[in-house]
Amino acid sequence: HYCPYSTDERVNAYNYQASSWSASDGAYIRLKNLTLGYSFPEHLLEKQKVISGCRIYFTGTDLWEYSQILDGWDPEAKSGASSTARYPFMRGFSFGVNLTF
């Protein structure tokens, strides 16, 4: 069954047919956001009488991805974007401390 990419007869005359040869599996799985934190118990903080609360945390974005996409680009990028409008997969990390006096 003939399945052209185009309805333009000039293009179809060159026998361009749809093919899985240039297609790739676009499925992926990603750990998009993760926040881990620890709040110190009050009984540890009450001894020093200055800090009434203390929490430490780590936040990460785009920490892990599994994909069979071989070009290294972000699979969530806008489709049809030119190469100058696409960015590689980017990771971000934040560490912090929240203190209450």
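One can find the structure itself at the top, above this paragraph.
Cut-off values and rules
Residues numbered from 1 in each chain as written. Predicted model: local features only at pLDDT ≥ 70, side-chain atom pairs only at ≥ 80, totals over all residues. Heavy atoms only, no water. Phe/Tyr/Trp six-rings, centres within 6.5 Å; stacked < 30°, edge-to-face > 60°. Helix = DSSP H or I, 4+ residues; strand = E, 2+ residues; numbered from the N terminus. Buried < 20%, exposed > 50% of the residue type's maximum accessible area, 1.4 Å probe, protein only. Salt bridge = Lys/Arg side-chain N within 4 Å of Asp/Glu carboxyl O.

Student: Honestly, the packing of aromatic side chains in this entry has me stumped. Any pointers?
Tutor: Two measures describe an aromatic ring pair: the distance that separates the ring centres and the angle between the ring planes. A complete count under the given rule lists three aromatic pairs for this structure. With a centroid separation of 5.1 Å and 45° between ring planes, the pair formed by Phe58 and Phe95 is classed as tilted. With Phe58 in strand β2 (residues 53-67) and Phe95 in strand β3 (residues 92-100), this residue pair connects regions lying 37 residues apart in the sequence. A residue is classified by how much of its surface remains accessible, and Phe95, at 67% relative accessible area, is exposed. Here the aromatic cluster, defined as three or more aromatic residues joined through ring pairs, consists of Phe58, Phe93 and Phe95.

Student: Can you walk me through the pattern of salt bridges in this structure?
Tutor: Should their charged atoms come close, side chains of opposite charge can pair. By the definition in use, this model includes three salt bridges. Asp62 is the partner of Arg30 in a salt bridge, and the nearest nitrogen-oxygen pair spans 3.6 Å. You can see Arg30 sitting in strand β1 (residues 28-39) and its partner Asp62 sitting in strand β2, a full 32 residues away along the chain. Take Arg30 and Asp62: they sit in the same class, and that class is buried. For the salt bridge of Lys32 with Asp62, the shortest nitrogen-to-oxygen distance reads 3.5 Å. Here Asp62 lies in strand β2 and Lys32 lies in strand β1, a separation of 30 residues in the sequence.

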